[in-house]
Amino acid sequence: MNQQQQSQEQIEQQIERLREQLRRHNHHYYVLDEPLVPDSEYDRLFHQLKSLEEQYPELITADSPTQRVGAAPLSSFKEVHHKAPMLSLGNLFSETDLMDFEQRSRNRLGSDDPLDYEVEPKLDGLAINLRYENGVLVQAATRGDGTRGEDVTRNVRTIESIPLKLIGDDYPRVVEARGEVFMPLAGFNAFNKKALERGEKPFANPRNAAAGSLRQLDSRITAKRPLAFYAYGVGEIDADPGVTQSGVMMRIREWGIPVSPELQVVTGAKACLDYYHDLMRRRDSLAYDIDGIVYKVNSLEKQRVLGYVSRAPRWAIAHKFPAQEELTVVEAVEFQVGRTGAITPVARLQPVTVAGVVVSNATLHNMDEVQRKDIRVGDTVIIRRAGDVIPEVVSVVGDRRPVDTSAIVMPQKCPVCGSDILRTEGEVVARCSGGLYCSAQRKEGIKHFASRKAMDIDGLGDKLVEQLVDAGLIEDIAGLYQLHVEDVAGLERMGAKSAGNLMDALHKSRTSSLSRFLFALGIREVGEATAKSLAQEFLTLDAIMAADEERLQQTPDVGPVVAAHIVSFFQQPHNLAVLGKLLAAGIEWPEEQRQQGETPLQGKTFVLTGALSRPRSEFKQQLQQLGAKVTGSVSKKTDYVVAGEAAGSKLKKAESLGVTVLNEAELEELLTA
Ligand code: IVH
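Small disclaimer: the values here were computed from a predicted structure and weren't measured.

1. Things to note about the sheet that holds strand β22 (residues 629–631)
Here comes step 1: The strand order across the open sheet built from 4 strands is β22-β21-β23-β24, with neighbouring strands paired in parallel fashion. The open sheet is flanked by β22 and β24 (660–662), the only strands paired with a single partner. Averaged over all pairs of adjacent strands, the angle between their axes in this sheet comes to 30°, without regard to strand direction.
Here comes step 2: Relative to β22, strand β21 (residues 605–609) is paired through 3 bridges, and the arrangement is parallel. If you follow Val-607 over to β22, its bridge partner there is Thr-631.
Here comes step 3: Docked against the sheet, helix α22 (residues 616–625) engages β21 and β22, running at close to 170° with respect to β21.

Right under this line is the structure:
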């Protein structure tokens, strides 16, 4: 072997070694969620490989981790014939349906034994078949009609969590992994935000975003979209798949293909339901949208016995969550006045049940949103209700627009007090300029004062506040403590007893805490957490009132805007008058004690970077239990950056912003303090 051949061989080996390393790191990062090395180290290896490949382009292979950037546009997608058809799933909608499914399966299997199920979330994205031959991703195709799909290989290659080459050496010669391509919510929101800034149309939901991104003829566009993938099954495979569905999934996970971390095996329908309810509760805190649960009989032998009906397996079924989106019609739009005078357009809807609750109003947020979504009275709209948030209008169904719609126009005068509505240049929110003259603002201020997290005045609900203000019995929050039992007892639907109870509750509410009182005052931008920090920082109301903006900003959580609102609040004569009356009425609180170390990490923001000796997810969980937030990127708002071995760009950024940097030992100390 001559000199040159030898060095060529060495280079080939070096390139292959780099590729193997990068694949292993990808696997740990995307599949196991336990990065082995910091991002900077990954970048270093990546660039080393890239420059070697630039020097020796003849050594570039399609499965190299560098080959993900996308390629020149196609004129159309090629058709792909699926060797094993891509099936659909039956649905069930109730607990009885699930019991029936279990009973039917047992009957067919001729056994009354409890069944094991592999259970996992039903992802809301786009089904994809990934074909690996000799460990290399050779083709990715959409489901299409189940038999024929589209070849989206170029696009799928740009999805970082999908391995271009499998890891290990025990993968079969041919294996097809099937799963869902989806867009995690963080990426979706960021993408839409940018689209709006550029004046482009945002995606209606993450599902559309995933589908739209994957069906781009220009894969360079797909490469810029934050897509992810979880496998949920296999297609063609030329090896013995083993004995259980969960076993198959664990094997493909070992080969480097991501599988949902929520996947579990449970026994019996009752346990399936527990899993369903658990995930439904956690639905809104997941990083991606799911629309239900899929239950799969775990034994592959039992799957064979159960077989298929038309295009769906008898051994698997989807249990959908109640829909979060429904269609309805905008019947009218009203303008609500908030505590700070903010005017919010609210759509009055034809009542419709969404996720089990009848919805007849939805917020339109502000006029920019109304314009962007092009909403008119009379339109059929998609409304969405997720978790406990106020229902919102997602989009208009364009082809259902009747001819006689009317435009939504922001009034010039406050619908409650008639004062001018003003919109400051550069602000999205328009406000009533009436201040305390506006009864709507006063009512909202009183409701806020009485609310559970503020002064917690039992029995003083929204309705009663409105009655009290409308009857002229109170003008502002101070008036509450001047009320007489006979005034209240005379109100509609009140009696001597409930009036007496309210008096007791008011009396009781006079003793609270500085932070509750501060929050209750309704100073703009001073939420519960900020009120707590202020109380901790200053200990007394007098000290807060005496502080200037600069001094206020030394409080955690308080920036220039909040500080300005606080100062201006305490400068207004009418606020001082109300404050005086409240204190004269006997509002008091025990002296504030500086809390040392109770939950020292409450509200603190952490970023973890570099390689740590335990999985990041463990640290993350511990930190969250102590009330801290853990985010992915370093900004001025970050309190601590924990830098593990060989931390890279995030550490640099922390240093440049002057963010406190901890090493792992210091973090452990904080956690055990
Ligand atoms: S299993 C043979 N599992 O739902 C069973 N499907 O309604 C095939 N889907 O086309 C599907 N998450 O795109 C399965 N965890 C999951 C899923 C899932 C989403 C989609 C899939 C399928 C559709 C059927």
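2. Focus on the packing of aromatic side chains
Geometrically, a pair of aromatic rings is defined through the distance of the ring centres and the angle of the planes.
Here comes step 1: Under the counting rule described, the total for this entry stands at 13 aromatic pairs.
Here comes step 2: For the pair Phe-101 and Tyr-117, a centre-to-centre distance of 6.5 Å together with 35° between the ring planes defines the contact as tilted. Remark: Tyr-117 occurs in strand β3 (residues 116–123) and Phe-101 occurs in helix α3 (residues 95–109); sequence separation between them is 16 residues. The same class applies to Phe-101 and to Tyr-117, which are both buried.
Here comes step 3: Aromatic rings pair up to connect Phe-182, Tyr-230 and Tyr-288 into one cluster.

3. Here we look at the pattern of salt bridges
Here comes step 1: Applying the stated criterion to the full structure yields 40 salt bridges.
Here comes step 2: A salt bridge links Asp-470 to Lys-443; its shortest N-O distance comes to 2.9 Å. In this pair, Asp-470 sits in helix α13 (residues 462–470) while Lys-443 sits in helix α12 (residues 439–450), placing the two residues 27 residues apart along the sequence.
Here comes step 3: Of the residues examined, Asp-470 reaches a relative accessible area of 56% and is grouped as exposed.
Here comes step 4: Residue Lys-443 is classed as buried on the basis of its relative accessible area of 12%.
Here comes step 5: In this structure, Glu-528 and Lys-453 form a salt bridge, with 3.8 Å as the shortest nitrogen-oxygen distance. Remark: Lys-453 occurs in the loop between α12 and α13 and Glu-528 occurs in helix α17 (residues 528–538); sequence separation between them is 75 residues.
Here comes step 6: Note on Glu-528: relative accessible area 31%, which makes it partly exposed.
Here comes step 7: Sharing partners across several salt bridges, the network here consists of Glu-16, Arg-19, Glu-20, Arg-23, Glu-53 and Asp-63.

4. Regarding the site of the ligand
Here comes step 1: Not every one of the 14 residues close to the ligand is listed here, only the nearest: Glu-120, Pro-121, Leu-123, Glu-180 and Tyr-232.
Here comes step 2: Note that a nitrogen atom of the ligand is positioned 3.0 Å from one of the side-chain N or O atoms of Glu-120.
Here comes step 3: Contact between the ligand and Tyr-232: an oxygen atom at 3.2 Å from a side-chain N or O atom of the residue.
Here comes step 4: Taking 530 Å² as the accessible area of the ligand by itself, protein coverage stands at 87%.
Here comes step 5: Looking at the shell around the ligand, the elements that each hand over two or more residues are β3 and β10 (290–297).
Here comes step 6: Considering only residue class, the shell around the ligand consists of 9 nonpolar, no polar and 5 charged.

5. Some thoughts on the packing of α3 against helix α9 (residues 268–282)
Here comes step 1: Direction vectors running N to C along α3 and α9 enclose 140°, while the axes themselves pass 9 Å from each other. Considering only the axes of α3 and α9, their crossing is right-handed. Between α3, through Glu-95, Leu-98, Met-99 and Glu-102, and α9, the contact on the second element is made entirely by Gly-268, Ala-269, Cys-272, Leu-273 and His-277.
Here comes step 2: Grouping the amino acids of the contact of α3 with α9 by side-chain chemistry returns 5 nonpolar, 2 polar and 2 charged.

6. What to know about the sheet that holds strand β8 (residues 228–237)
Here comes step 1: Judged by pairing direction, the sheet is antiparallel, and its 4 strands sit side by side in the order β5-β4-β7-β8 without closing on themselves. The two strands at the open ends of the sheet, each matched to only one other strand, are β5 (136–142) and β8. Averaged over neighbouring strand pairs, the angle between their axes works out to 30° when direction is ignored.
Here comes step 2: Alignment of strand β4 (residues 126–133) against strand β7 (residues 174–182), held across 8 bridges, turns out to be antiparallel. For Leu-126, the partnering residue across the bridge sits in β7 and is Val-181.

7. Description of the confidence of the model for the protein
Here comes step 1: On average, residues of the protein score 90 in pLDDT, and 98% of them are at 70 or above.
Here comes step 2: In the model of the protein, α22 stands out as the element of lowest mean pLDDT, 82, in contrast to β7, which has the highest, 97.

8. A few points about the side chain of Glu-53
Here comes step 1: On the secondary structure map, Glu-53 appears in helix α2 (residues 39–55).
Here comes step 2: With a relative accessible area of 4%, Glu-53 lands in the buried category.
Here comes step 3: At a separation of 2.6 Å, a polar atom in the side chain of Glu-53 contacts the side chain of Arg-19.
Here comes step 4: Residues in contact with Glu-53, not counting those within four places in the same chain, are Arg-19, Ile-60, Ser-64, Thr-66 and Gln-67.

9. Focus: the pairing of strand β23 (residues 640–643)
Here comes step 1: Side chains Tyr-640 and Val-642 of β23 all project onto a buried face; the interleaved residues Val-641 and Ala-643 project onto the opposite face, where all are buried too.
Here comes step 2: Examined bridge by bridge, β21 and β23 share 4 bridges and lie parallel to one another. Residue pairing in the sheet places Val-607 in a bridge with Val-641 of β23.
Here comes step 3: Here 3 bridges tie β23 to β24, and the two strands are oriented parallel to one another. Looking at the pairing, Val-642 lines up with Leu-662 of β24.
Here comes step 4: Once you follow β23 into helix α23 (residues 649–657) and on to β24, the crossover reads as right-handed.

The rules behind the values
- Residues numbered from 1 in each chain as written.
- Predicted model: local features only at pLDDT ≥ 70, side-chain atom pairs only at ≥ 80, totals over all residues.
- Heavy atoms only, no water.
- Pairing = 2+ DSSP bridges.
- Helix = DSSP H or I, 4+ residues; strand = E, 2+ residues; numbered from the N terminus.
- Axes fitted to C-alpha atoms, helices over the stretch in contact; angles between N-to-C directions.
- Contact = heavy atoms within 4.5 Å.
- Phe/Tyr/Trp six-rings, centres within 6.5 Å; stacked < 30°, edge-to-face > 60°.
- Buried < 20%, exposed > 50% of the residue type's maximum accessible area, 1.4 Å probe, protein only.
- Salt bridge = Lys/Arg side-chain N within 4 Å of Asp/Glu carboxyl O.
- Near = heavy atom within 4 Å.
- Polar contact = N/O pair within 3.5 Å; in protein donor to acceptor, adjacent residues only side chain to side chain.
- Areas by Shrake-Rupley, 256 points an atom, 1.4 Å probe, with all protein chains shown as cover.
- Nonpolar A, V, L, I, M, F, W, Y, C, P; charged D, E, K, R; others polar.
- Left-handed = near helix turned anticlockwise from the far one by under 90°.
- pLDDT = per-residue confidence, 0-100.
- Right-handed = clockwise from strand over helix to strand, strands pointing away.

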